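Now for the letters of each chain:
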Amino acid sequence: MQGTRAAVLAVLLAALAAMSAPAQEVPFLRSPVLTLDQERLFVDSQTGRALTEALEDASAALAAENRQIEAELIAEERDLTERRAALPPEEFRAMAEAFDEKVVETRRVQDAKARALAQRREAGQQAFYRQVLPLVAEIVRERGGVVVLERDAVILSAEQVDITDEAIAAIDARLVPEALDPSGAGPETGGEASAE
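Being a predicted model, the structure only gives us computed values, none of them experimental. (Residues numbered from 1 in each chain as written. Predicted model: local features only at pLDDT ≥ 70, side-chain atom pairs only at ≥ 80, totals over all residues. Heavy atoms only, no water.)

Further remarks concern the overall build of the chain. Assigned secondary structure in the chain consists of 5 helices and 4 strands. Its helices and strands taken in sequence order, the chain reads α-β-α-α-α-β-α-β-β from the N to the C terminus. Every one of the 196 residues in the chain was classed for burial, and the buried ones make up 28%. When the accessible surface of the chain is split by element, carbon and sulfur atoms take 56% of a total near 12500 Å². (Helix = DSSP H or I, 4+ residues; strand = E, 2+ residues; numbered from the N terminus. Buried < 20%, exposed > 50% of the residue type's maximum accessible area, 1.4 Å probe, protein only. Areas by Shrake-Rupley, 256 points an atom, 1.4 Å probe, with all protein chains shown as cover.)

This next bit is on the side chain of D37. Tracing the backbone through its elements, the reader meets D37 in the loop between strand 1 (33-36) and helix 2 (38-44). Buried and unpaired, D37 has no salt bridge, with R40 as the nearest side chain of opposite charge at 4.3 Å. A polar side-chain atom of D37 sits 3.1 Å from the main-chain amide nitrogen of R40. Every residue in contact with D37, bar those within four places of it in the chain, is listed here: E150, R151, D162 and T164. (Lys, Arg positive; Asp, Glu negative; His and termini not counted. Salt bridge = Lys/Arg side-chain N within 4 Å of Asp/Glu carboxyl O. Polar contact = N/O pair within 3.5 Å; in protein donor to acceptor, adjacent residues only side chain to side chain. Contact = heavy atoms within 4.5 Å.)

Inspection of every chain in the model, using the stated rule, returns 10 salt bridges. One salt bridge in this structure joins E105 and R108, with 2.5 Å as the shortest N-O distance. One end of the pair is E105 and the other is R108, both in helix 4 (residues 89-143) and 3 residues apart, which spans about a single turn. For E105, a relative accessible area of 38% corresponds to the partly exposed category. D162 is the salt-bridge partner of R151, the closest N and O atoms lying 3.2 Å from each other.

Once that is clear, we can look at the nonpolar core. Among the nonpolar cores identified, the biggest contains 21 residues, and L36, L41, V132, V136, I163, A167 and I171 are the most heavily contacted of them. Counting residues per element, the ones that place at least two in this core are strand 1, helix 2, helix 3 (46-83), helix 4 and helix 5 (164-174). Sort the elements by how many residues they give to this core and helix 4 lands first, with 7 residues. Apart from the residues lying within four places of it in its own chain, the contact partners of I163 are L34, T35, L36, V136, I139, V140 and R143. Core analysis: the second largest hydrophobic core is formed by 8 residues, L73, L80, F92 and F99 among them. (Core = buried A, V, L, I, M, F, W, Y, C linked by side-chain atoms within 4.5 Å.)

Another aspect to go through is the packing of helix 4 against helix 5. When two helices pack together, you describe them by how their axes are tilted relative to each other and by the distance separating the axes. Two elements in contact, helix 4 and helix 5, have axes whose closest approach is 10 Å; the angle formed by their N-to-C orientations is 125°. Comparing the axis directions of helix 4 and helix 5 gives the class oblique. The chirality of how helix 4 crosses helix 5 is right-handed. Seen from helix 4, the contacting residues are F128, V132, L135, V136, E138, I139, E142 and R143; seen from helix 5, they are E166, A167, A170, I171 and R174. Of the residues that constitute the contact of helix 4 with helix 5, the class distribution is 8 nonpolar, no polar and 5 charged. (Axes fitted to C-alpha atoms, helices over the stretch in contact; angles between N-to-C directions. Parallel < 35°, antiparallel > 145°, perpendicular 65-115°, else oblique. Left-handed = near helix turned anticlockwise from the far one by under 90°. Nonpolar A, V, L, I, M, F, W, Y, C, P; charged D, E, K, R; others polar.)

Before going further, it helps to examine the packing of aromatic side chains. Summed over all chains, the structure comprises 3 aromatic pairs. Summarising the aromatic geometry, the rings of F42 and F128 are spaced 5.0 Å apart at their centres and angled 85° between planes, so their arrangement reads as edge-to-face. Note that F42 is positioned in helix 2 and F128 in helix 4, a separation of 86 residues in sequence. Taken individually, F42 and F128 each receive the classification buried, so the pair is uniform in this respect. With 6.2 Å between their ring centres and 35° between their planes, F42 and Y129 make a pair best called tilted. Taken together, the positions of F42 in helix 2 and Y129 in helix 4 put the pair 87 residues apart, joining distant regions of the chain. The partly exposed category is assigned to Y129, whose relative accessible area is 26%. (Phe/Tyr/Trp six-rings, centres within 6.5 Å; stacked < 30°, edge-to-face > 60°.)

Next comes the structure, spelled out in structure tokens:
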């Protein structure tokens, strides 16, 4: 049984090597099955990088805001602690309760901002993939493909059936990274694309 598997694998590898050999002469292999690395499509395209950078900037700004708020709350707590001996117990208790409520409300507001940022990230990525789908569909039609598989899900394939680089080039040529809206509205197209 293992001998049969090894023989089949050897035949597959030989076939793939043969298909890969004329790669310099033929720009791609016509195949009904194509592969695509979705993560690299996002990470390596100008539009995906623009979205990532915008969201990283927003995340850094939120982190800086959180540090500033934390420093202010620590200073306020220290001041309250220093004033405790000079205040009547009832007045101090009221001030301490007000401070605790302020801390809880501040945490709630900042947590909501962090959740909104995570939602913007998710919505932005979904908008990106909606925008690039027509471009990928064009490549699939040009290649005569009928199905596209995630590259990571494929055990073995000829390099020429992967359309990731071609799709990244199309995205960079036809989508406008500067017009990207990280709120999830998506990038604008620099040319018409159809999924027909």
